[in-house]
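Understanding the architecture of this molecule
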Amino acid sequence: MAEESLTVRDNRTGDEVEIPIVDGTIHATELKKLGLMSYDPAFLNTASTRSSITYIDGDAGILRYRGYPIEQLAEQASFLEIVWLLFEGELPTQAELDAWQDEVRMHTYVHTNVEQFLDGFRHDAHPMGMLLGATAALSTFYPDAKEIGDEESRRLQKLRLVAKFPTIAAWVFRHSRGLPYVFPRNDLDYIGNFVNMTFEIGGQHEPNPVLQRALEILLILHADHEQNASTNAVRGVGSTQVDPFSAVSAGIAALYGPLHGGANEQVLRMLDEIGDVKNVPAFIEGVKNHERLLMGFGHRVYKNYDPRAKLIKRVADDVFAQTGIDPKLEIALELERIALEDDYFIERKLYPNVDFYSGIIYRAMGYPTDYFTVLFALGRLPGWLAQWEEMLSDSEQKIARPRQVYTGYDERDFVPMAKR
Ligand code: ACO
């Protein structure tokens, strides 16, 4: 008997099957030999893919992109360098980075019809709904994006998405405010251009390098997070061989949800509702009584401090040194202090996640609450695309189609209306 294997015995029949253990996993299809399926709602213990992009050790609080610790990347890299790293697997040389930045600059404009398309949204449309719709609409402008079997075409679509996403994200912001759209400026870098497109008024915007670097770090921290809900959506939808604009819009939809990227918006709403530090203990009691969630706390894989949350606290210091302290920060710090000392949170290993402080920082930068998740999407886009590419080049992947355990009626005869 092979040592690296698992013997499964069906006690109903005495049948046995020996299943190889590879990389700490067993292949679920091996259970077919016993006429069995595995049942794992919400994928609590199921790996859906092999991946060489992002490594997380949730117990130790470790996050690495392509082997590089997130702390080093956040400290030293630019966002476009990270995008290259996620796409290509290696850090770019200076020449590669220069060429990549130039290429991205060449693709920042969107078809002029996108303006009219965005104009069709109501003035109070949620920014994530607009981003979702506009990204899906982009697929209609690039029919060649359907050529997902062509490596060069895939590269071009990824480039288009990375380059045009800030333009669309910024225009969504302008639409919400009733401001005219600002066109991309090729003399600015990726972050500077985005910030300019959001905040420029009358041709004027005074850039603040500290805030721009803080935003860049936040985007880097969000760039990938292995098989999270939105990436799983991109992979699942992409597995049907649809174009990447449509697959990415599925990721945006997943990110919109309050249990995922939408949590940063919910954290701010929660802090507004708490209103004052003196109300924190009563709020925590409500959480412990399961009346509500402490938004921005807990994570499916981190059962320790989310390493991104640690880095974000440092970014917050830099930002608040520029903008002045937000009183909401005081409430957040008190929530964290009480929660980390409380048995309810200790026993369940609930720590602040990336969303706990990001919203307060975005607000200090001047972004409205309902826009926070768009900023998350801007950061996560390269991760979605790297994972989409990896999925397509993985010979083990097929259309994602889970099985089910049917719990409904056996066959029964149709009842005519008069007899119901
Ligand atoms: N507040 C209070 N209790 C919580 C919280 C929370 N934020 N998160 C988990 N718990 C409790 C659950 O009620 C459960 O308690 P129980 O055992 O008494 O029933 C226990 O902790 C385990 O929680 P699960 O829901 O089983 O954990 P799961 O891995 O399914 O959920 C999730 C993870 C969705 C992130 C959850 O912690 C949550 O809802 N957090 C709040 C929303 C949030 O911040 N989402 C952002 C996640 S990070 C990101 O997407 C970028």
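Residues numbered from 1 in each chain as written. Predicted model: local features only at pLDDT ≥ 70, side-chain atom pairs only at ≥ 80, totals over all residues. Heavy atoms only, no water.

To continue, consider the nonpolar core. Within the largest apolar cluster, 114 residues are counted, with the highest numbers of intra-cluster contacts made by L335 and Y367. Of all the elements, helix α17 (residues 372-392) adds the most residues to this core, at 12 residues. Formed by five residues, the second largest nonpolar core is a distinct cluster that contains V8, V17, L31 and L34. (Core = buried A, V, L, I, M, F, W, Y, C linked by side-chain atoms within 4.5 Å. Buried < 20%, exposed > 50% of the residue type's maximum accessible area, 1.4 Å probe, protein only. Helix = DSSP H or I, 4+ residues; strand = E, 2+ residues; numbered from the N terminus.)

In the vicinity of the ligand, 20 residues are found, and the nearest of them are H260, L294, G296, R300 and Y344. Interatomic distance of 2.9 Å between a backbone N/O atom of F297 and a nitrogen atom of the ligand. R348 places a side-chain nitrogen or oxygen 2.9 Å from an oxygen atom of the ligand. Notes on the ligand: free accessible area 920 Å², of which the protein chains cover 72%. Each residue belonging to the shell around the ligand can be placed in one class, and the counts come to 11 nonpolar, six polar and three charged. (Near = heavy atom within 4 Å. Polar contact = N/O pair within 3.5 Å; in protein donor to acceptor, adjacent residues only side chain to side chain. Areas by Shrake-Rupley, 256 points an atom, 1.4 Å probe, with all protein chains shown as cover. Nonpolar A, V, L, I, M, F, W, Y, C, P; charged D, E, K, R; others polar.)

This part is about the sheet that holds strand β3 (residues 54-57). An order of β3-β4-β5 is seen for the three strands of this open sheet, with the pairing classed as antiparallel. With partners counted over all chains shown, the strands left at the sheet margins are β3 and β5 (68-69), one partner each. Bridge count for strand β4 (residues 62-65) against β5 is two bridges, and the pairing is antiparallel. Counterpart to Y65 in the pairing with β5 is Y68. (Pairing = 2+ DSSP bridges.)

This paragraph deals with the side chain of R235. By the secondary structure assignment, R235 is in helix α9 (residues 229-238). Among the polar contacts made by the side chain of R235, one reaches the side chain of Q387 at a distance of 2.9 Å. If near-sequence neighbours (up to four positions away) are discounted, R235 is found in contact with T49, S51, Q227, Q387, E390, M391 and Q397. (Contact = heavy atoms within 4.5 Å.)

What follows concerns the packing of helix α13 (residues 307-323) against helix α16 (residues 355-365). Packing of α13 against α16 leaves a shortest axis separation of 10 Å and a crossing angle of 20°. By the angle between their axes, α13 is roughly parallel relative to α16. Relative to α16, the crossing made by α13 is left-handed. Residues I312, K313, V315, A316, V319, F320 and T323 of α13 form the contact with α16, whose participating residues are Y357, S358, I360, I361, A364 and M365. Within the contact of α13 with α16, the residues separate by chemical class into 10 nonpolar, two polar and one charged. (Axes fitted to C-alpha atoms, helices over the stretch in contact; angles between N-to-C directions. Parallel < 35°, antiparallel > 145°, perpendicular 65-115°, else oblique. Left-handed = near helix turned anticlockwise from the far one by under 90°.)

This next bit is on the pairing of β4. Side chains L63 and Y65 of β4 all project onto a buried face; the interleaved residues I62 and R64 project onto a face where none is buried. Across four bridges, β3 lies against β4 in antiparallel orientation. Residue pairing in the sheet places D57 in a bridge with I62 of β4. Counting the residues between successive antiparallel strands, the hairpin from β4 to β5 contains two residues, one of them, R66, with a positive phi of roughly 50°.

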